[in-house]
Amino acid sequence: MWEQVMIKAGYRCEDTRCPADRRSGGRCITEHGPYVRLIAAPAYPGPDPLRRPNESSGEMVAWCPPCYDQAIKRARKVERDRMRMEAADADTLF
Ligand SMILES: [Zn+2]
């Protein structure tokens, strides 16, 4: 499983949203090697993939650990913003 994802990714992180200075050809330059272990995980890991893996979605892609952390942080922010908006909506009902 992991190996199939890595072969498809060319053993290189597939994130396209990491900082521009770490990108080449539109994706992260981090490659699998002795100091970096890439992770095979869904393209949208969700806000808490360890405890709520059912909220992950998308095809399996290769991630370097920092890009994966960033993707989770983005998902958490989306979730926080949504909860804040729902709370604001609830306030206006009363
Ligand atoms: Zn990366």
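Up top is the structure these notes are about.
How each quantity is defined
- Residues numbered from 1 in each chain as written.
- Predicted model: local features only at pLDDT ≥ 70, side-chain atom pairs only at ≥ 80, totals over all residues.
- Heavy atoms only, no water.
- Helix = DSSP H or I, 4+ residues; strand = E, 2+ residues; numbered from the N terminus.
- Rg over C-alpha atoms; globule rule 2.2 N^0.38 Å.
- Buried < 20%, exposed > 50% of the residue type's maximum accessible area, 1.4 Å probe, protein only.
- Contact = heavy atoms within 4.5 Å.
- Areas by Shrake-Rupley, 256 points an atom, 1.4 Å probe, with all protein chains shown as cover.
- Lys, Arg positive; Asp, Glu negative; His and termini not counted.
- Charge placed at Lys NZ, Arg CZ, Asp CG, Glu CD.
- Core = buried A, V, L, I, M, F, W, Y, C linked by side-chain atoms within 4.5 Å.
- Donors = N, O, S within 2.8 Å, 3.2 Å for Na, K, Ca; no water.
- Tetrahedral: all angles 85-135°; square planar, octahedral: opposite > 155°, others 65-115°.
- Phe/Tyr/Trp six-rings, centres within 6.5 Å; stacked < 30°, edge-to-face > 60°.
- Lys NZ or Arg CZ within 6 Å of the ring centre and 35° of its normal.
- Arc of directions from axis to C-beta.

(A) Spatial organisation of the overall build of the protein. Scanning the protein from terminus to terminus reveals two helices and four strands. In terms of overall size, the protein is more extended than a compact globule, its C-alpha atoms giving a radius of gyration of 16 Å where 94 residues would be expected to give roughly 12 Å. Counting only C-alpha atoms and orienting by the principal axes, one finds that the protein spans roughly 55 × 30 × 20 Å. The buried share of the protein, reckoned over its 94 residues, is 31%. Excluding contacts between residues fewer than 6 apart, the proportion of contacts in the protein whose partners are at least 24 apart in sequence is 48%. For the protein, the exposed area adds up to about 6,600 Å²; of that, 56% sits on carbon and sulfur atoms. Each charge class in the protein was averaged separately, 16 positive and 14 negative side chains, and the resulting centres sit 4 Å apart.

(B) Fine view of the nonpolar core. Of all hydrophobic cores here, the largest spans 17 residues; its most connected members are Cys13, Cys28, Leu38, Ala62, Trp63, Cys64 and Cys67. When residues of this core are traced back to their parent elements, those giving at least two are helix H1 (2-9), strand S3 (39-44), strand S4 (57-63) and helix H2 (65-93). Beyond its immediate sequence surroundings of up to four residues, alanine 62 is in contact with Val5, Met6, Ala9, Arg12, Cys13, Glu14, Asp15, Leu38 and Ile39.

(C) Molecular detail of the coordination of the zinc ion. Only Cys13 (SG), Cys28 (SG), Cys64 (SG) and Cys67 (SG) from the protein coordinate the zinc ion, and they sit 2.3 Å from it. Because the angles between the four donor atoms bound to the zinc ion fall within 99 to 117 degrees, the donor set is best described as tetrahedral. Each donor residue of the zinc ion belongs to the same chain, and together they define the spacing C-x14-C-x35-C-x2-C. In this pair, cysteine 28 sits in strand S2 (residues 27-28) while cysteine 64 sits in the loop between S4 and H2, placing the two residues 36 residues apart along the sequence.

(D) View of the side chain of aspartate 15. Along the polypeptide, aspartate 15 turns up in the loop between H1 and strand S1 (23-24). Taking the relative accessible area as the measure of exposure, aspartate 15 reaches 5% and is therefore buried. Leave out the neighbours within four places in its chain, and aspartate 15 touches Gly26, Arg27, Cys28, Ala62, Trp63, Cys67 and Arg74.

(E) View of the packing of aromatic side chains. If you walk through the whole model with that rule in mind, you get two aromatic pairs. Aromatic side chains tryptophan 2 and tyrosine 11 sit 6.2 Å apart centroid to centroid with 70 degrees between the ring planes, which places their arrangement in the edge-to-face category. The cationic tip of arginine 37 hangs over the ring face of tryptophan 2; the distance from NZ or CZ to the ring centre is 5.1 Å.

(F) Region of the structure containing H1. Within the sequence span of H1, burial applies to Val5, Met6 and Ala9. Down the axis, H1 shows its buried residues gathered within 95 degrees of arc, on one side only. Away from its buried face by more than 90 degrees, H1 exposes Gln4, Ile7 and Lys8. A positive phi of about 70 degrees marks glycine 10, the residue just after H1.

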